[in-house]
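A structural walkthrough
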Amino acid sequence: MRTKETVTPEDIKSDIKNSLKEMRTCSKIWNEIFMIIAIIHEVIMVAFLIFDPLVVLIDMVVCAVLAVVVYLTQMAVRQFRSKSVSIRDYDVSVAVLAYKEEEHYQRWTNRPKYKYVDNYSLWFGNKSCWRVPKKNYSWSAEYPMEDSEVYRNAHSGTEYIVVRKKGTRNIAMAYNTEYFEYKERR
């Protein structure tokens, strides 16, 4: 029998901060904004190429600055979100795993190559989904796991300690009760 590691509110807070820092938390929105900027840039560049090459050069500099601003804004938002985590904003309960789901695909990157993407999700009895972050339980001495390990160790019918955001009821973290037990330190 394996020993269970104790999960504390501080550990949960650490895990939530780490998951909020991941690129995929808000990258889709920023990618769409960046694509709109790129399309506008191309239209302006074609229009001004006909009239004045100097304006094209100025436009390229402006778009480069805009790209840096978008990137820095994205990083600042991610940093702010990870710093403003309070455990009082979350509920801790127990839920039973209904099923698990994996998704694998190739995504075109800015460089001329594809990036392989693996997404793992755990679905609980009340139709709520937890998209497993890439790195989990980094505070744990015995069970730090990557997303694929969390997925591999998940079995239907297993109880999980589930941490939900108050208000939205979205799952922020989940802990397999075969590996972890929750103790609220006072």
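Preceding this paragraph is the structure being described.
The residue count restarts for each chain, going from 1 along the sequence in the order it is written. In keeping with the model being predicted, local features are shown solely for residues with a pLDDT of at least 70 and side-chain atom pairs are shown and tallied solely at 80 or more, while totals for entire chains, interfaces and linings include all residues. The basis for every side-chain value is the complete set of non-hydrogen atoms in the structure, without hydrogens or water.

**Some remarks on empty space enclosed by the protein**
Only protein atoms enter the 1 Å grid, on which a cavity is a set of points fitting a 1.4 Å probe that cannot get out and a pocket is an open set with protein on both sides within 12 Å along at least 5 of 7 lines, lining residues being those with an atom within 4 Å of a point. Grid points are joined across faces, edges and corners, and a volume is the space filled by probe spheres set on the points. In the structure shown here, the tally under the stated rule is two cavities of 30 Å³ or more. For the largest cavity, the calculated volume is near 40 Å³. Forming the boundary of the largest cavity are Asp 15, Asn 18, Ser 19, Pro 133, Lys 135, Asn 136, Tyr 137, Ser 138 and Met 173. By definition, any uninterrupted DSSP run of H or I lasting at least four residues is a helix, any uninterrupted run of E lasting at least two residues is a strand, and each is numbered from the N terminus. When contributions to the lining of the largest cavity are tallied by element, the ones reaching two or more residues are helix 1 (9-21) and strand 5 (135-136).

**Quick word on the environment of Ala 172**
Topologically, Ala 172 is positioned in strand 8 (residues 171-176). Type-normalised accessible area, obtained with a 1.4 Å probe on protein chains alone, sets the label of each residue: buried when under 20%, exposed when over 50%, and partly exposed for intermediate values. The exposure class of Ala 172 is buried, given its relative accessible area of 17%. Between the C-alpha atom of Ala 172 and that of Val 162, which follows or precedes it by ten residues, the distance is 7.9 Å. In what follows, a contact means two residues having at least one pair of non-hydrogen atoms within 4.5 Å. Ignoring sequence-local partners within four residues, the contact set of Ala 172 consists of Ile 16, Ser 19, Tyr 90, Trp 130, Val 163 and Arg 164.

**Focus: unusual backbone geometry**
Backbone geometry at Tyr 137 places phi at a positive 60°, although glycine is not the residue there. With respect to the element layout, Tyr 137 can be found in the loop between strand 5 and strand 6 (145-146). Since its relative accessible area comes to 2%, Tyr 137 is described here as buried. A positive phi is found at Arg 169, a non-glycine position, where the angle reads about 65°. Note on placement: Arg 169 falls in the loop between strand 7 (159-165) and strand 8.

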